Amino acid sequence: MQRNGAVVAAAGLVSACSLLPFGNNGGTEHAVLSLFGSGSHMISGYVGTIVADEPQAALAAQTVLQRGGNAADAAAALGLALSATLPSRASLGAGGACLAWRPGDRNGGQAFVFLPTGDSPPDAVQGPTPHADRPASSPMLARGLFMMQLRYGSVDFAELTQPALQLARGGLEVGTQLASDLAAVQAPLLADDGALHIFGRSDGTVMKAGDILTQPRLAGSLERIRSAGPGDLYIGSLARTFVAASDAAGGGLTMAGLRAALPQVVMPLTVTVQGTQVSFLPPPADGGYGMAVAWRAMENGQSTSGGAGARAVAGWRASEGGSSASVLAARAQELLDSGRTPSGGTLPNLPASTSYAVVDRQGEAVSCVLTMNNLFGTGRVAGSTGIVLAASSAHLPRPLLPGAIAHRDGAFVAAATASGQGDASDAAAAALSGALRGDDQLKPATSSGRANAISCRSGLPGNSARCFGSVDPRGGGYASGSARD
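Just so we're clear, the structure is a prediction, and the values are computed from it rather than from any experiment.

Caption draft 1: Spatial organisation of the overall build of the chain. A count of helical and extended segments in the chain gives 16 helices and 16 strands. Per-residue burial for the chain yields a buried fraction of 61% across its 485 residues. Accessible surface, the chain: about 16,700 Å² in total, of which carbon and sulfur atoms supply 51%.

Below you can see the structure in the form of structure tokens.
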């Protein structure tokens, strides 16, 4: 079934200083003019459900919903907030993929793929890329979230930087996930002066859970994005500062590389079982393909022992070849439709990631997975920007980025996503099956997969009293805004 087409975001779209509000919830409500300015107010009652690996970022997104933003607004704010609360997995230097859907859309919504990039091409003006001892990825996060929110959001993107700005400038408690990540890479991370300045304690160790982390330099970068637009990080003065700082940190980025690093908009993969249509993140975010294979097997009563999703991704990667995102997605959809799964070996050790999902009270939903392509990326900070550099994808295997949104008769019913090495696709598929059954507790299905899920079995918009979120009990994640709270 040839139904996947890719649209590349034009560089000019992210250079505007500000944007007019963009329609929300399929045109069922007026656009929100301001979330945090004068005249803003808090909405009472159920505003939506958020599930995420990092509680403080989830609460920031919850505030956006309470102030009248929709799911895309909240998801963008959450991703930006993670740059302050979980820079080990989702700094402004990170990449990832998001899936967005609104009620009434029977085509599956849209996928926004903004994976970490490879090494930058030579810059025609500045000359060849300088030697980089630790190659970095272009910072894809802001561009990817901007494009998703432009298509599905309801407010000016500048509004959504406010929670992240407050967290970076005012300080935040180091959470359990960040503390664990810091402990895992303490020695190499603190070898970088920039990282030592941000994450080091006076006794020469990394920060622990409960310590107060302030990031004034990151706040400065976020302020530039707020005031000048996200394009400033790619073609403006912030871009020039970032390139120079990444060069000094051995990242080897160039202005040409930043300009060329554009998100892709791709039709999602879709699978329908017993009247429930599920949209999955498509390749090159191939964790969604593995999730689709594993979920359909579960729903059809087939054995999924041994990691059906991981095996599917291994086979896919062994056979895919180099192609555009639209071609890859179309090929993956054809495989799903045919029921054939390419055979392959096993997946290697994969980069770390983090996941979250949001649904608002109208049933618009977003599911995202973000990655630095390595824990703390290159392990270095881009100087005065305060941005932790993500690692180049040219030297590491791709992480698994699974995410899905389920809908029935034009209404939202469930969402799921996950992180966790090669187990991520299988963990996300199991979480989706549980959410569709209405399980109110997420049961770990794999050893390392950490899943997040939202269940609204009666559908949204509609009976929000049946909505709730679930996170993996082994992690430090948080489900906010459940109607059962």
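Still to come is the rest of the account.
Caption draft 2: Structural view of the pairing of strand S9 (residues 276–280). Among the five residues that make up S9, five are buried, leaving the element largely enclosed by the rest of the structure. The alternating pattern of S9 places Thr-276, Val-278 and Phe-280 on one face and Gln-277 and Ser-279 on the opposite face, and all of these are buried. Bridge count between strand S8 (residues 269–273) and S9: five bridges; the pairing is antiparallel. Bridge assignment links Val-273 to a residue of S9, and that residue is Thr-276. Between S8 and the antiparallel strand that follows it, S9, lie two residues; Gln-274 among them carries a positive phi value of about 50 degrees. Pairing geometry for S9 and strand S12 (residues 403–408), over four bridges, is antiparallel. Bridge pairing links Val-278 to Ala-406 in S12.

Caption draft 3: The packing of aromatic side chains, seen in detail. In total, this model carries five aromatic pairs according to the counting rule given. With a centroid separation of 6.1 Å and an interplanar angle of 50 degrees, the aromatic rings of Phe-280 and Trp-295 are classed as tilted. Pair noted here: Phe-280 is in strand S9 and Trp-295 is in helix H13 (residues 287–299), with a separation of 15 residues, a long-range link. Comparing Phe-280 with Trp-295, the two get one shared label, buried. Between Tyr-289 and Trp-316, the aromatic rings sit 5.4 Å apart at their centres with planes inclined by 40 degrees, giving tilted as the arrangement. Of this pair, Tyr-289 sits in helix H13 while Trp-316 is found in helix H14 (residues 308–319), placing the two residues 27 residues apart along the sequence. The burial state of Tyr-289 is the same as that of Trp-316; both residues are buried.

Caption draft 4: Looking closely at the side chain of Asp-192. In this fold, Asp-192 is placed in the loop between helix H7 (186–190) and helix H8 (193–199). Here Asp-192 sits buried without a salt bridge, and the closest side chain of opposite charge, Arg-380, lies 4.7 Å off (N-O distance). A polar side-chain atom of Asp-192 sits 3.2 Å from the main-chain amide nitrogen of Val-381. Asp-192 has contacts with Gly-379, Arg-380 and Val-381, leaving out every residue within four places of it along the chain.

Caption draft 5: Helix H4 (residues 141–152), seen in detail. Taking 1.5 Å as the rise per residue, H4 with 12 residues should run 16 Å; its terminal C-alpha atoms sit 17 Å apart, in good agreement. Most of H4 is tucked away, with 11 of its 12 residues classed as buried. Of the positions making up H4, those classed as buried are Leu-141, Ala-142, Arg-143, Gly-144, Leu-145, Phe-146, Met-147, Met-148, Gln-149, Leu-150 and Tyr-152.

Caption draft 6: Region of the structure containing the packing of H13 against helix H16 (residues 424–437). Two numbers describe how H13 lies on H16: the axes approach to 8 Å, and their chain directions differ by 45 degrees. Judged by the angle between their axes, H13 and H16 are oblique. Crossing handedness for the pair H13 and H16: right-handed. Residues Gly-287, Gly-290, Met-291, Ala-294, Trp-295, Met-298 and Glu-299 of H13 lie in contact with H16, whose contacting residues are Ser-425, Asp-426, Ala-428, Ala-429, Ala-430, Leu-432, Ser-433 and Leu-436. Within the contact of H13 with H16, the residues separate by chemical class into nine nonpolar, four polar and two charged.

Caption draft 7: The arrangement of the state of the cysteines in detail. On inspection of all chains with the given rule, the structure shows two disulfides. What pairs with Cys-98 in a disulfide is Cys-368, and their sulfur atoms sit 2.1 Å apart. Around the S-S axis, the bridge from Cys-98 to Cys-368 shows a dihedral of about 115 degrees and counts as right-handed. Of this pair, Cys-98 sits in strand S3 (residues 95–101) while Cys-368 sits in strand S11 (residues 365–371), placing them 270 residues apart in sequence. Judged on exposure class, the residue Cys-98 and its partner Cys-368 are both buried. A sulfur-sulfur distance of 2.2 Å marks the disulfide that ties Cys-456 to Cys-467. Handedness here is read from the sign of the S-S torsion; for Cys-456 and Cys-467, about 125 degrees, the answer is right-handed. One end of the pair, Cys-456, is in strand S14 (residues 450–460); the other, Cys-467, is in strand S15 (residues 467–471), with 11 residues separating them in the sequence. Among the residues examined, Cys-467 registers a relative accessible area of 0% and is labelled buried. The disulfide pattern of the chain is 1-2, 3-4 when the bonded cysteines are numbered in sequence order.

Parameters at a glance
Position labels on residues start from 1 in each chain and follow its written sequence. At least 70 in pLDDT is required for a residue's local features to be given in this predicted model, at least 80 for side-chain atom pairs to be given and counted, and no such filter applies to totals for whole chains, interfaces and linings, which use all residues. Hydrogen atoms and water are omitted, and side-chain values are computed over all heavy atoms in the structure. By the criteria applied, helices consist of DSSP H or I runs no shorter than four residues and strands consist of E runs no shorter than two, each listed in order from the N terminus. Each residue is placed in one exposure class: buried if its accessible area under a 1.4 Å probe, protein chains only, is under 20% of its type's maximum, exposed if it is over 50%, and partly exposed if it falls in between. We get accessible surface area from the Shrake-Rupley algorithm with a probe of 1.4 Å; when it comes to residues, only the shown protein chains can shield them. Should DSSP find at least two bridges between two strands, the strands are taken to pair. Under the pairing criterion, centres of Phe, Tyr and Trp rings, with the six-membered ring standing for Trp, must be within 6.5 Å; the plane angle then separates stacked pairs below 30 degrees from edge-to-face pairs above 60, leaving the rest tilted. Charged-residue counts in this description rest on Lys and Arg as positive and Asp and Glu as negative, His and the chain ends being excluded. Criterion for a salt bridge: a side-chain nitrogen of Lys or Arg within 4 Å of a carboxyl oxygen of Asp or Glu. Any N or O atom pair separated by 3.5 Å or less is treated as a polar contact, with the protein-specific requirement of one donor-capable and one acceptor-capable atom, and with residues adjacent in sequence counted only for side-chain atom pairs. Residues count as neighbours in contact if any of their non-hydrogen atoms are within 4.5 Å of one another. Expected span of a helix, by definition, is 1.5 Å for each gap between consecutive residues, and there is one gap fewer than residues. For helices, the fitted axis covers only the stretch in contact; all axes are lines through C-alpha atoms, and the angles between them, taken along N-to-C directions, range from 0 to 180 degrees. Roughly parallel means an angle under 35 degrees; roughly antiparallel, over 145; roughly perpendicular, 65 to 115; everything else is oblique. Note on convention: near helix rotated counterclockwise from far helix by under a right angle means a left-handed crossing. Clockwise means right-handed. Throughout this entry, Asp, Glu, Lys and Arg are counted as charged residues, while Ala, Val, Leu, Ile, Met, Phe, Trp, Tyr, Cys and Pro are counted as nonpolar. The remaining residues, Gly among them, count as polar. The disulfide criterion is simple: two cysteine sulfur atoms within 2.5 Å.

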